[in-house]
Amino acid sequence: MKKVGVVHTSSNNAEKLLEIAAYRYPDVKVINFTDEALWEHVLDAKGQMTDRCHEILAQDFNRLAEAGCEAVGLLCSLVKGGIETVRPQVPVPVIVYDDAAVERAIEVTPDGGRIAVIAMKKTPLPLAADAAGSAAQRAGKTIWVDQIVVESAAECLRETKNQALADEYFIRYLREHQDSYSAYVVPQVPLSRIMPMVRDMKTPVFDSMESLLDGLVNRAWDGF
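A brief report on the enclosed structure follows. Since we're looking at a predicted model, the values are computed, not measured.

1. A closer look at the sheet that holds strand E3 (residues 71-74)
- Ordered by their spatial adjacency, four strands build an open sheet running E2-E1-E3-E4, and the pairing between neighbours is parallel. Each edge of the open sheet is held by one strand with a lone partner, namely strand E2 (28-34) and strand E4 (94-96). Between one strand axis and the next, the sheet turns by 25° as a mean value, whatever way the strands run.
- Pairing analysis gives four bridges linking strand E1 (residues 2-8) to E3, with the strands arranged parallel. Residue pairing for E3: Val7 is matched across the bridge by Leu74.
- Helix H5 (residues 97-108) rests against E3 and E4 of the sheet, and its axis sits at about 75° to E4.

2. A word on the pattern of salt bridges
- One pass over the full model with this rule turns up 15 salt bridges.
- The partner of Arg63 in a salt bridge is Asp60, with the nearest N and O atoms 3.2 Å apart. Placement of the pair is Arg63 and Asp60 together in helix H3 (residues 51-66), with a separation of three residues, close to one helical turn.
- A relative accessible area of 1% means that Asp60 is categorised as buried.

What counts and how
- Residues numbered from 1 in each chain as written.
- Predicted model: local features only at pLDDT ≥ 70, side-chain atom pairs only at ≥ 80, totals over all residues.
- Heavy atoms only, no water.
- Pairing = 2+ DSSP bridges.
- Helix = DSSP H or I, 4+ residues; strand = E, 2+ residues; numbered from the N terminus.
- Axes fitted to C-alpha atoms, helices over the stretch in contact; angles between N-to-C directions.
- Contact = heavy atoms within 4.5 Å.
- Salt bridge = Lys/Arg side-chain N within 4 Å of Asp/Glu carboxyl O.
- Buried < 20%, exposed > 50% of the residue type's maximum accessible area, 1.4 Å probe, protein only.

Have a look at this one:
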């Protein structure tokens, strides 16, 4: 059985990732590695990835490689900084979730097209937008990237604490604006939960978890 591994800085998303893997890739074993201590190091460094943080992340990836994982992924954009200094220290491919998502989005977008990097909060948007710019450059395309916070969904969640209702607002926005974009990228990790409800859209939606798993299983050696 093929093994792939994923590093998290919080345990919140590990179970959902396993659920997705069970129905998308039943012949693949996903090994989750949660390192909350890494995030504490980042906090102590005022949000920066220091040399020590890079060393810890490389060690986490190497533990997964030693456990037989053929590729490893990172499901946290906040410790993505400096990932290129980590990759040479790991003997298997390393994929970051938003890189995987934007790579797919750029592939389906024609030269001169437009994609939306979209979420209920701003934090993950700039990094994903930067990744989209790099992917477009590699593909030799000029792609416009909009960064969007769906304020109606965010406000609903703040005021009502009703996740399902906020998701409805978010999905409504996707549907109402899809003619403006060739693809959506949703880099807010928990929003992978909406994927079963948007598969019928004509504009493809690339999320965090499914895109990462697809990259780890099928595309790890592509080099992104």
